[in-house]
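# Coordinate analysis (summary)
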Amino acid sequence: MSISRYSGFSRRQLLSGGARIAGGIAVGGGLAACADSAGQEASDGLAARLDTLTTRDALRRPGHFFSIAQFRLLERISDLIMPETDTPGALAAGVPQLIDRMMVTWALPETRSDWLAGLAAIDARARREHGVAFARLEPDTQFDVLSRHDGEALSASDRAYRQMKSTIVEAYYCSEPGATEELRYDPVPGPYRGCVPFDEIGRTWAT
Amino acid sequence: MEFDAIVVGSGMSGGWAAKELCERGLKVLVIERGQHVEHGADYNDMQEVWEVENRGRIPEAELDEHYQVQRGCYAMNTANKHLFVKDSDHPYETPEGKPFAWLRGYHLGGRSLLWARHSYRLSEMDFEANKKDGHGVDWPIRYGDLAPWYDHVERFAGITGEKMGLDHLPDGEFQPAMALNCAESEFKAHLEQTYPGRTLLMGRIAHLTQPTEEQQSLGRGSCQYRDLCYRGCSFGAYFSALSATLPAAERTGNLTIVTDAIGHSVVYDPATGKASGVRVIDYHTKEGRTYTARMVFLCASAIGSALVMLNSTSERFPNGIANRSGALGRHLMDHISGIRAGGIYPGHEDQYYSGKRPGGIYIPRYRNLPGQEQEEFVRGFGIQGGIGRMNWTRGGGEPGVGVDLKEKLHMPGPWRIGLSGFGEMLPDPNNRVTLHPTKVDKWGIPLPVIDCAYGENEMKIVERCKADIVAMLESAGVQNIEVGGDPAPPGYGIHEMGTARMGRDPSTSVLNGWNQAHDVPNLFVTDGACMTSSACQNPSLTYMAVTARAANHAADLLQEGVL
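This is a predicted model, so every value here is computed, not measured. (Residues numbered from 1 in each chain as written. Chains lettered and ligands numbered in written order. Predicted model: local features only at pLDDT ≥ 70, side-chain atom pairs only at ≥ 80, totals over all residues. Heavy atoms only, no water.)

### So, the packing of aromatic side chains
- Under the counting rule described, the total for this entry stands at 22 aromatic pairs over all chains.
- Ring geometry for Phe198(A) and Tyr352(B): centres 5.7 Å apart, planes at 45°, overall tilted. Here Tyr352(B) lies in strand β11 (residues 351–354) and Phe198(A) lies in helix α11 (residues 198–201), a pairing that spans two chains.
- Classification of Phe198(A) by relative accessible area gives buried; the value is 7%.
- Centroid distance Tyr74(B) to Tyr230(B): 5.6 Å. Interplanar angle 80°. Geometry classified as edge-to-face. Highlighted residues: Tyr74(B) in the loop between α2 (60–66) and α3 (124–133) and Tyr230(B) in the loop between α6 (213–217) and α7 (241–250), separated in sequence by 156 residues.
- By relative accessible area, which is 21% here, Tyr230(B) ends up partly exposed.
- Through a chain of ring-to-ring contacts, three or more aromatic side chains come together here, namely Phe198(A), Trp205(A), Tyr352(B), Tyr353(B) and Trp415(B).
- Of note, Arg198(B) hangs over the ring of Tyr195(B), and the distance from its end group to the ring centre comes to 4.1 Å. (Phe/Tyr/Trp six-rings, centres within 6.5 Å; stacked < 30°, edge-to-face > 60°. Helix = DSSP H or I, 4+ residues; strand = E, 2+ residues; numbered from the N terminus. Buried < 20%, exposed > 50% of the residue type's maximum accessible area, 1.4 Å probe, protein only. Lys NZ or Arg CZ within 6 Å of the ring centre and 35° of its normal.)

Written out as structure tokens, the structure is:
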């Protein structure tokens, strides 16, 4: 986990106390639902100061796409979708960082908007159902909110959510820990055996 | 330097022309329009899955700007992007409402680095088809003419497969076949029992499973079952010009390769009535130069070779060299592709496989065979596909998050079957490639205009094929069957052919039975352009066989002093 390169915040700060800062940053981000959460922090001095910044880019960290608030939300969602168990989860696999990099080096503006909308929709659900930003909910409540969102978004063929979930899943299982620790990975199998008792393999082939 | 032969193109066909001519002692110059690619060093097949840039996704803006057509190729990703052309550099035009996908790579080895490697012989039925039903002209050769050359190229290239004894899909010189998996074996048994006359076999693919001494001497080894073929194979386990034919040509000491040299035209010498050489444009400097030789082999792909010929005008051939017939550029065919259906194949949950097999199953043509009642269409189709267990990729679309999801994906999902038809296209003179009258590319060469569409017979084949696939899936108890929509537009089969067809009559065809231009005796065209009909089998093996045959014939003629 190399969270330290994100502006010197520790993981703990990002997961708990960072909400104020994050909310403030989202004000200028032009992102409707995350901007909602910023309303909570309207009296926050930092938010007021950041409010004076007018360009979206100025609120972003150089070389990154997501604002700190958005990134923190992405981290939580990645962690909830692919948690650490007896094997590493999405955070240890660097999934949020990969996705942030993909937004910079791969995605078109429309795709980026989809991602922001996908994150915003989850945050909006938290606010609708619990009156606070997703980031401020207890982990168990976050899990409940995301689980319900997951079921409804998939059955409604919500493009943004489906893209987000499948990319998080892919980024995880194609990571080194995801492929080699959680699943079975053999880059050079050598022989091919077409019909093998499953117990001999024991889990899904990563590739 | 004096050359006996110039070969234009270094891919599937060009590699074979170079090898055979060099081995016959001729000094050969291979002209490749694209960049040099080094076998092994320029492949990304040793990247771990987590090292592949952006998990294989090419930046969307780059796709929009440079790969509007190529992005439609199933095989393209960040690890092999350098093996596809930039459409922005190599445009072509199509009439409104008639899309044609020209999927290609310009580099040493050409599309032999990116092919799907299925290798099937055409049969007597295929060579007789035009004569029997009257579509197109008669092939000037029959299966017997090509059979020894199929043997020859299969032994060298290395084709895995099982002998089945089918008249309409002749057996070859095979290396041991790859195995079917448990579900495929059961599906085969069920299919063959339910539908007498239909056969399912493991695809015959150009991979080594028991390398010969000759193959080993070229540095080629056995397939490692990585299924990373579309990145190039450092083991040289699948056949390509870079793993096999060009190294074989090179070790004769008779081969010269020039890359970044775009074939512009064949130079015609009215005094001798022969081709005297090839004019090229330098990719970098855009300057022209001419190479001379005693014979010319065009192996630049069906569309590529036709364009070079159309652009080779002279007083004798104002409409393109060797084009007295007017057939040049016409009768463009592909295979109808994208006829698909699939679903969940029940059972076998306690079974799996080990290794990633780089090819699937094949159901050879079973309709309109000799002796059968004829359908409401002529010709036929074959079906490819496979059955495998679903992996973690199903996770993006299935409900559930967290530990439950992770535990679920820890185990493979159900087996899933996918079948995909490849249909025969008839030769139609209206399906053609021409030179744009005014527009030129960066190198001053006229843009191709590709005008190609499926006809009535093709659409009947699509309907029958799709219905057959669905019925076969249903009869096997496949669940949640999903059926694809319209077939892919022409081009997506990536089997272009027919633009300089062989024939018996110089007034209706461009080439004779030796791939030799009727009108210009030292000009040979041995890529897909030569095909008089398309059959429904993957065509590369046939291009290899006709090339080897033509090259040896040309060497004979040179030896005899005829050329």
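### Some details on the interface of chain B and chain A
- With 47 residues of chain B at the contact, the number on the chain A side is 59 residues.
- With both sides pooled, the region where chain B packs onto chain A buries about 4700 Å², and carbon together with sulfur makes up 61% of that total.
- At the boundary of chain B and chain A, one finds one salt bridge.
- Linking chain B with chain A are 32 residue pairs in polar contact (both at pLDDT 80 or more), by the criterion used here.
- Each residue belonging to the side of chain B that touches chain A can be placed in one class, and the counts come to 21 nonpolar, 13 polar and 13 charged.
- The sheet contact formed by strand β1 (residues 193–197) of chain A and β11(B) spans three bridges and is antiparallel. (Contact = heavy atoms within 4.5 Å. Buried area = accessible area lost by both parts, 1.4 Å probe. Salt bridge = Lys/Arg side-chain N within 4 Å of Asp/Glu carboxyl O. Polar contact = N/O pair within 3.5 Å; in protein donor to acceptor, adjacent residues only side chain to side chain. Nonpolar A, V, L, I, M, F, W, Y, C, P; charged D, E, K, R; others polar. Pairing = 2+ DSSP bridges.)

### Examining the state of the cysteines
- Inspection of every chain in the model, using the stated rule, returns one disulfide over all chains.
- Paired by a disulfide, Cys195(A) and Cys182(B) hold their sulfur atoms 2.0 Å apart. With the S-S dihedral at roughly 125°, the linkage between Cys195(A) and Cys182(B) falls on the right-handed side. With one member in each of two chains, Cys195(A) in strand β1 and Cys182(B) in helix α5 (residues 182–194) form a pair that bridges those chains.
- Cys299(B) supplies the cysteine sulfur nearest to Cys22(B), a cysteine that is in no disulfide, at a spacing of 12 Å.
- A disulfide-free cysteine, Cys299(B) has its sulfur positioned 9.6 Å from the sulfur of Cys530(B), the nearest such atom. (Disulfide = S-S within 2.5 Å.)

### Remarks on helix α8 (residues 139–155) of chain A
Residue and element names in this part refer to chain A.
- End to end, α8 covers 24 Å across 17 residues, agreeing with the expected 24 Å (1.5 Å per residue, within 8%).
- Along α8, the positions that sit buried rather than exposed are Gln-142, Val-145, Leu-146, His-149, Asp-150, Ala-153 and Leu-154. The buried residues of α8 occupy an angular sector of 140° when projected down its axis, which confines them to one face. Away from the buried face of α8 by more than 90 degrees, exposed residues Asp-140 and Ser-155 are located.
- At its buried positions, α8 is contacted by α5 (68–81), α7 (109–130) and α9 (159–173).
- Of the residues trailing α8, Ser-157 is marked for its positive phi of about 50°. (Expected span 1.5 Å × (residues − 1). Arc of directions from axis to C-beta.)

Just distances and angles here, no functional claims.
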